Amino acid sequence: VSHGEPQPFLALFNGQLALVDRALPQAVGWPDPLPVVLRWRAAAPSTADYRAVVALRDGEGIVWSSAEPWVLNGSFFPTSAWSPGEWTDGMYELSLPPGVPPGRYFVEVGLYDPATGAGQGATRPDGTFAGTRVVIGEIAVEPPASPPRIDALEIPRRLDLSIGPLLSLIHI
């Protein structure tokens, strides 16, 4: 999981749920999914059953993949049933779209209450506000070993156009 100076947590959401650690690969490439392991610990009792938001974002701010799993302990117990100090390792996967460009991407995590839709504010170990999304690492998306099929790219409007019997405009 993490290397370097040990910290009590990476982010504390709403004073209740701490993101303690994470594990990410250094690189991933389509069609393989991006595995993300998050270690959560209850810092205080919660009345909400939280969902995480795990997203892959490029340097321009575009989200290329995301998931919104429940944060569960032992695959069964939602966060409202946790006691302070209780923890779990959540294992999540992000599917990469076939057309994701190679490059450097950020993995970010947020937490929200699905009953209200409210994102939970996070603080860093030094007490500063981190927002509702926290960058937990950077990975490389590598080019695919073989190009995806054109229909897998889900292009909403193809540019193939017949202009007449002798001329066609095609998208390659």
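These lines cover the structure that appears in this document, whether it is placed above or below.

Before going further, it helps to examine the overall build of the protein. Scanning the protein from N- to C-terminus turns up zero helices and 16 strands. Per-residue burial over the protein gives 33% buried out of 172 residues. Long-range contacts, defined here as pairs at least 24 residues apart, represent 65% of the contacts in the protein between residues at least 6 apart. Put simply, the protein shows about 10,200 Å² of open surface, and 57% of that area lies on carbon and sulfur atoms.

Here strand β9 (residues 87–94) shows a buried face lined by Thr88, Gly90, Tyr92 and Leu94 and an unburied face lined by Trp87, Asp89, Met91 and Glu93. Bridge count for strand β4 (residues 34–42) against β9 is eight bridges, and the pairing is antiparallel. By the bridge assignment for β9, proline 35 is matched with glutamate 93.

Overall, antiparallel pairing links the six strands, which are arranged β9-β4-β2-β1-β12-β13 in an open sheet. Two strands lie at the open edges of the sheet, namely β9 and β13 (129–131), each paired on one side alone. Where strand β12 (residues 122–123) and β13 come together, two bridges link them in antiparallel fashion. In the strand pairing of β13, threonine 123 is matched with phenylalanine 129.

The nonpolar side chains of a soluble globular protein tend to be buried, and buried together. Grouped together as the largest cluster of nonpolar side chains are 33 residues, with contacts concentrated most on Leu38, Trp40 and Leu56. Only β1 (11–13), β2 (17–23), β4, β5 (51–58), β9, β10 (103–113) and β14 (133–142) provide two or more residues apiece to this core. Ranked by residues supplied to this core, first place goes to β4 with five residues.

Okay, the pattern of salt bridges next. Going through the model one piece at a time under the given rule, you end up with four salt bridges. For arginine 39, the salt bridge is made with aspartate 89, and the minimal N-O distance between the two is 2.6 Å. Here arginine 39 is found in strand β4, whereas its partner aspartate 89 is found in strand β9, with 50 residues between them in sequence. The partner of glutamate 108 in a salt bridge is arginine 133, with the nearest N and O atoms 3.1 Å apart.

On to unusual backbone geometry. Note that the residue after tryptophan 30, namely proline 31, is joined by a cis bond; omega there is 15°. On the secondary structure map, proline 31 appears in the loop between β3 (27–29) and β4. For asparagine 14, which is not a glycine, the phi torsion comes out positive at approximately 55°. With respect to the element layout, asparagine 14 can be found in the loop between β1 and β2.

Here we take up the environment of serine 146. Within the secondary structure, serine 146 sits in the loop between β14 and β15 (161–164). Sequence spacing of serine 146 and proline 31 is 115 residues, and the spatial spacing of their C-alpha atoms is 9.4 Å.

With that settled, the discussion passes to the pairing of β10. Where burial is concerned, most of β10 is hidden: eight out of the eleven residues are buried. Sheet topology note: the β5/β10 ladder contains eight bridges and is antiparallel. What sits directly across from arginine 57, in β10, is phenylalanine 106. Direction of pairing for β10 relative to strand β11 (residues 118–119): antiparallel, over a ladder of two bridges. Each residue of the ladder has a partner; that of aspartate 113, found in β11, is alanine 118. Taken together, β10 and the strand that follows it, β11, pair antiparallel across an intervening segment of four residues, in which glycine 117 is found at a positive phi of about 80°.

What counts and how
- Residues numbered from 1 in each chain as written.
- Predicted model: local features only at pLDDT ≥ 70, side-chain atom pairs only at ≥ 80, totals over all residues.
- Heavy atoms only, no water.
- Helix = DSSP H or I, 4+ residues; strand = E, 2+ residues; numbered from the N terminus.
- Buried < 20%, exposed > 50% of the residue type's maximum accessible area, 1.4 Å probe, protein only.
- Contact = heavy atoms within 4.5 Å.
- Areas by Shrake-Rupley, 256 points an atom, 1.4 Å probe, with all protein chains shown as cover.
- Pairing = 2+ DSSP bridges.
- Core = buried A, V, L, I, M, F, W, Y, C linked by side-chain atoms within 4.5 Å.
- Salt bridge = Lys/Arg side-chain N within 4 Å of Asp/Glu carboxyl O.

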